[in-house]
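Okay, here's what each chain looks like letter by letter:
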Amino acid sequence: MAIAMTLLTLALLPFVAALAIALLHGAPRAVHSGIAGGASAAGLALLASLAAPALGGDVPLARWDWVPSLGLDLTLMVDPLGWMFGLLILGIGLLVVVFAHSYLYQNEDTGRFFASLMLFQGAMLGIVIAGNVLLLLVFWELTSLASFLLIGFWQHKAEARQGARMALAVTGGGGLALIGGMVLLGLIAGSFDLATILARGDIVRASPLYPLMLGLVLIGCFTKSAQFPFHFWLPHAMAAPTPVSAYLHSATMVKAGVFLLARLWPVLAGTELYTVTVTTVGLVTMIFGACVALFRHDLKSILAYSTISQLGMLVMLLGFSLEAAALAAVLHILNHAAFKAALFMSAGIVEHETGTRDIRRLGGLTKAMPVTAWIATLAAAAMAGLPPLGGFISKELMLYQTPKLVLAGLPWLLPVLATVGATFSVAYSLRFAAHLFAGKPREAEPFARAHDPSPAMWAAPALLTTLAVLLGLVPMLLAAPLVGAVTGAVTGSAPPEVELGLWHGVNLALILSMAAVAGGAVLLWRHAGLLALWERASLPDAKRMFELTLGLADRWTRKALVATHTPSLQRMLLASFAVTILLVIEGALTGGGVLTGTRPGLPANLPAIAAWTLLIAATLATALDSHNRLRALLFVSVIGLVVSLAFAVLSAPDLALTQISVEAVTVLLMLLALNLLPKQPPVISSASRKTRDAAIAIAGGLLVGGIAWAMLTRDPGPSIAAFHLANAKPGGGGTNVVNVILVDFRAYDTLGEIIVLGIAGLGIFALLDTAEVGASGARLRAWRADMPHSPERHPMMLVAASRIILPLTLAVGIYLFLRGHNQPGGGFIGALVVAIAFLVQYLAAGFDWSDARKPFGEHNLIGWGVLVAMATGLGAMALGAPFLTSWFDYFSLPLIGKFELASAMLFDTGVFLTVLGAVMLALAQLSHVATRAARAAGEDKP
Amino acid sequence: MSYEFLFASAIGVLVAGGIFLALRARTFQVVMGLTLISYAVNLFLFASGRLVLNRPPIWDKTVSEYTDPLPQALVLTAIVITFGMTAFVVILALRSFLETGSDHVDGDRVPCDAQDGLADGEGAEP
């Protein structure tokens, strides 16, 4: 079990760190970076402890059931491929944390930054150690979300927001395609378990669904890894802080697509469709990215396009479907991670110390910042693939493979095009180093400011560059065993013999490589002229095309919506009512049978008939006299009163209590709203429209009344009431069966309901809290009291009486709450009565007086209420019973005697708190807005 | 006249009034209509347990006949949720009126600022 715990800790550690950082939001920066760095280092240690089994062929694996019915297990697995990526994610993550600690400016929100960074780390690590493809998808989506937060970290910058949105749209959209592809893959292979799927490559490739599945998976991979034509989000993602670019956009997130191609190699690779598609896309991306990179001016933009190009090369190598090419890809993943992260950090240092990232304004920086110059130049040389650096070896391996694949029937095509791509890579790498550090400064101002940063800032890129150098000098020692094991894991066969070295004698690859270096030098030499040519050519702007597409999608969606929904509520409601009525009539006609059943009725007495008459009259008055809104409200409250009476008479004391207290609160709320709403709007319905509506209304009323009549005159079918009645006392410990149902038998429903109520309360808060700005605020300020007011603002008698009533009402509310389990009452009713007790104070003494003396915050009440109710349910789980199982027992104390304690009481406390919070929040907020409006109106008056 | 007839006819009248009001053009009238329909729905749900006099579902050793408690439990929460919904819709109507200066359900710019206390503020956008 030790392995299982190690795997689980490894997977959860970043998330725990993210949560801890978020909770310690106000702490100093060192705490945030300390937690992030500590978690990364601990993760590295765990990973190191797994090195021997992971690389030795005895893959650590642990599996827990999650949603077995969907085939979704929590399976974690660290094979060599996952181990290597884990090393990159945690190792570079640690370095990025170190770098970011110095890089972020004084007043930045480091808590949010490091929490998002760790969230991303956890998601990315999850992708590479997931052993179930559905689990992998969960983490995949999480990386898109986390990267959205990180790219948009500087929320005040428009380009950060746009970049974040674009990245989310492209990678999230690709994620959707990937979900489809992975589900298809699982269905074809008959399992969602990764190891099982990988063993069934032949079945998958033979399936007729293979092309569709492959297409969807490839869209997911290509969007994530910024392959042409989905590449455009990556340059815009450079609006992120540089540490994020160094982490997400060099070593980790953009490699997720490459990782997935490698991961699914045994299943996907080998078919002609796969080889041609993947190789071509990779090749085009490689050449295109390298070409654009040569002509960009922003340092990070250069690096972004170079990343696109390098990712293209990796994708192309994986597309070859050859073991040796996979080996080259694996080695280049290591190389690229090392030099590209170092380059991003160097670009960050240059920007940090000179104030600009525009390469046209910089130059000759070697004198001002020698350490940075060394680091960046060596890393750029590795990127160019110059000997004796790591990049040279992997680039030569790549070129060596190109003649093995014939594209479009031309054997020379691939080597030539790959060399063209390599030539441009050499050119932009050399330009990055030369234009930045060599020659004379182009502008004085950035140069004057420039200086090397503190070692804390250059330590991380220096370490990475050293690795990039050592990967070239001692590749057999440093990389060969790992590369061999990983290649074996990619191809799903035994690890190959790995022979890495700088010198293999004169062969085609060396000649091509030398041609690329020479060509690159020429391109750099003629750069100014080429740049002028490039800028004269008007090339399509991917961002504008993206926005155009989004705009089109928006317009068409709107059209489709308008075509199916008319924007008029009146017309929609009319259609809904009419269709429903027609359906019911149709059902009644085809169903047959008589309207009146045989169940004998209860003879009504005179008071009942009187109350009924009152209700009918009040309903008609509400409907017909609704223009005078205040009067309509009074009529509605009459209806509510009669309904409460009906409940009281018809054996439902709980409902009667609830209805009457809800009635009071509702009328109060409407009164407050009415104060601000227009009271008597002009009549705008035509007579014919009214006639039509009346006809529909009467038809609806007749039908529903008829159904109710038909139901009431028939005996009910077998009911589960007997169970509830029999078990309420022995099983639930209460004699009020309605309450026992609410807090015990159907407590899950109640939990959902109080959450809904709490959300409604918070929604009301959100609507009113923001009402003071913009057009709505202007109207509020221009509000004039238009109702007759009492000459006294807070009448003395009312104030005095309300204060005397307060303790009494509170006592009644608490009494109703406490006895609820056995007598009519309970959390809902008690909370409403207590809310009324407080609201009367608001009514009598005004908002300010009452609010200042209120001992609680409504938000807290809602939150605590839901938490208490949840905790009660979880408590049962902790004791081994299902969620929300109740418990009760009897105790006796001297003086008090025998009494009962039930966990349902605790649950009801949660209900009580939530209902109280939601009601108070709605009314207090509304009265607050009204008060402020009234006050503003009062101030305007002379 | 039986209780059943009174109950069913009251539900019918409430639904008719509710539908008529819900089809009106002013938000407050629509809210009133929703309130009436909610009464009707709650009464209807309650009626599914049938009408019983003097047999509240409070368990007692000496009593053997009770009314059905389950519809009552469902209606109890429905009443509270109705309040939550009504409150939300009222506030939504209020906010929409404050934003647009019109209390037409479709947010049309039907002028009604002239007759009541709320005039267009200076900063208000058209």
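Structure: see above.
Described in the following lines is the structure provided in the data block. (Residues numbered from 1 in each chain as written. Chains lettered and ligands numbered in written order. Predicted model: local features only at pLDDT ≥ 70, side-chain atom pairs only at ≥ 80, totals over all residues. Heavy atoms only, no water.)

### Quick look at the overall build of chain A
Then comes step 1: Of the regular secondary structure elements, chain A holds 42 helices and 4 strands.
Then comes step 2: C-alpha extents for chain A along the principal axes are approximately 115 × 70 × 70 Å.
Then comes step 3: Of all 942 residues assigned to chain A, the portion counted as buried reaches 55%.
Then comes step 4: Summed over all atoms, the accessible surface of chain A reaches about 38500 Å², with 71% contributed by carbon and sulfur. (Helix = DSSP H or I, 4+ residues; strand = E, 2+ residues; numbered from the N terminus. Buried < 20%, exposed > 50% of the residue type's maximum accessible area, 1.4 Å probe, protein only. Areas by Shrake-Rupley, 256 points an atom, 1.4 Å probe, with all protein chains shown as cover.)

### Brief notes about the packing of helix H17 (residues 323–354) of chain A against helix H25 (residues 480–491) of chain A
All names here are of chain A.
Then comes step 1: At a minimum axis distance of 9 Å, the contact between H17 and H25 shows a crossing angle of 125°. Taken together, the axis directions place H17 and H25 in an arrangement best described as oblique. Considering how the two elements wind past one another, H17 and H25 form a crossing that is right-handed. Counted together, Glu323, Ala326, Leu327, Val330, Leu331 and Leu334 of H17 and Leu482, Val483, Val486, Thr487, Val490 and Thr491 of H25 form the full contact between these two elements.
Then comes step 2: Grouping the constituent residues of the contact of H17 with H25 by class yields 9 nonpolar, 2 polar and 1 charged. (Axes fitted to C-alpha atoms, helices over the stretch in contact; angles between N-to-C directions. Parallel < 35°, antiparallel > 145°, perpendicular 65-115°, else oblique. Left-handed = near helix turned anticlockwise from the far one by under 90°. Contact = heavy atoms within 4.5 Å. Nonpolar A, V, L, I, M, F, W, Y, C, P; charged D, E, K, R; others polar.)

### Comments concerning the nonpolar core
Then comes step 1: Of all hydrophobic cores here, the largest spans 202 residues; its most connected members are Trp233 and Tyr274 of chain A.
Then comes step 2: In contact with tyrosine 274 of chain A, other than residues within four places in its own chain, are Tyr210, Leu214, Leu261, Trp265, Leu268, Ala269, Thr279, Leu318, Gly319 and Ser321 of chain A.
Then comes step 3: Judged by nonpolar contacts, the second largest core, of 126 residues, contains Ala708 and Leu768 of chain A together with Tyr3 and Leu36 of chain B. (Core = buried A, V, L, I, M, F, W, Y, C linked by side-chain atoms within 4.5 Å.)

### Some details on unusual backbone geometry
Then comes step 1: Proline 229 of chain A follows phenylalanine 228 of chain A through a cis peptide bond whose omega is 0°.
Then comes step 2: On the secondary structure map, proline 229 of chain A appears in the loop between helix H10 (210–224) and helix H11 (233–236).
Then comes step 3: The amide bond that connects proline 387 of chain A to the next residue, proline 388 of chain A, takes the cis arrangement and shows omega of 5°.
Then comes step 4: A positive phi is found at serine 321 of chain A, a non-glycine position, where the angle reads about 60°.
Then comes step 5: Tracing the chain through its elements places serine 321 of chain A in the loop between helix H16 (299–319) and H17.
Then comes step 6: If you check the backbone angles, arginine 50 of chain B has positive phi at about 65° while not being a glycine.
Then comes step 7: Within the secondary structure, arginine 50 of chain B is located in the loop between helix H2 (27–47) and helix H3 (69–100).

### What about the interface of chain A and chain B?
By a frequent convention, interface size equals the accessible area lost on bringing the separate parts together.
Then comes step 1: The partner chain B presents 95 residues to the 115 residues of chain A that form the contact.
Then comes step 2: Taken over both partners, the interface formed by chain A and chain B buries close to 9700 Å², and the fraction arising from carbon and sulfur atoms is 77%.
Then comes step 3: Here chain A and chain B share 2 salt bridges between them.
Then comes step 4: Close ionic contact of aspartate 103 of chain B with arginine 629 of chain A constitutes a salt bridge, the shortest N to O distance being 2.9 Å.
Then comes step 5: The tally of links from chain A across to chain B stands at 24 residue pairs in polar contact (both at pLDDT 80 or more).
Then comes step 6: With 16 residues, the single largest contributor to the side of chain A that touches chain B is helix H33 (residues 687–712) of chain A.
Then comes step 7: When grouped by side-chain class, the residues that make up the side of chain A that touches chain B number 74 nonpolar, 26 polar and 15 charged. (Buried area = accessible area lost by both parts, 1.4 Å probe. Salt bridge = Lys/Arg side-chain N within 4 Å of Asp/Glu carboxyl O. Polar contact = N/O pair within 3.5 Å; in protein donor to acceptor, adjacent residues only side chain to side chain.)

### With respect to the packing of aromatic side chains
Then comes step 1: Within this structure, the stated rule accounts for 17 aromatic pairs over all chains.
Then comes step 2: Summarising the aromatic geometry, the rings of phenylalanine 99 of chain A and tyrosine 103 of chain A are spaced 5.6 Å apart at their centres and angled 25° between planes, so their arrangement reads as stacked. In this pair, phenylalanine 99 of chain A and tyrosine 103 of chain A are both assigned in helix H4 (residues 80–103), 4 residues apart and thus about one turn of the helix distant.
Then comes step 3: Residue classification places phenylalanine 99 of chain A among the buried positions, given a relative accessible area of 0%.
Then comes step 4: Ring geometry for tryptophan 612 of chain A versus phenylalanine 5 of chain B: centroids 6.4 Å apart, planes at 45°, classification tilted. (Phe/Tyr/Trp six-rings, centres within 6.5 Å; stacked < 30°, edge-to-face > 60°.)

### Thoughts on the side chain of serine 33 of chain A
Then comes step 1: With respect to the helices and strands, the residue serine 33 of chain A is situated in helix H2 (residues 29–49).
Then comes step 2: Residues within four places of serine 33 of chain A in sequence aside, it is in contact with Val97, His101 and Phe114 of chain A.

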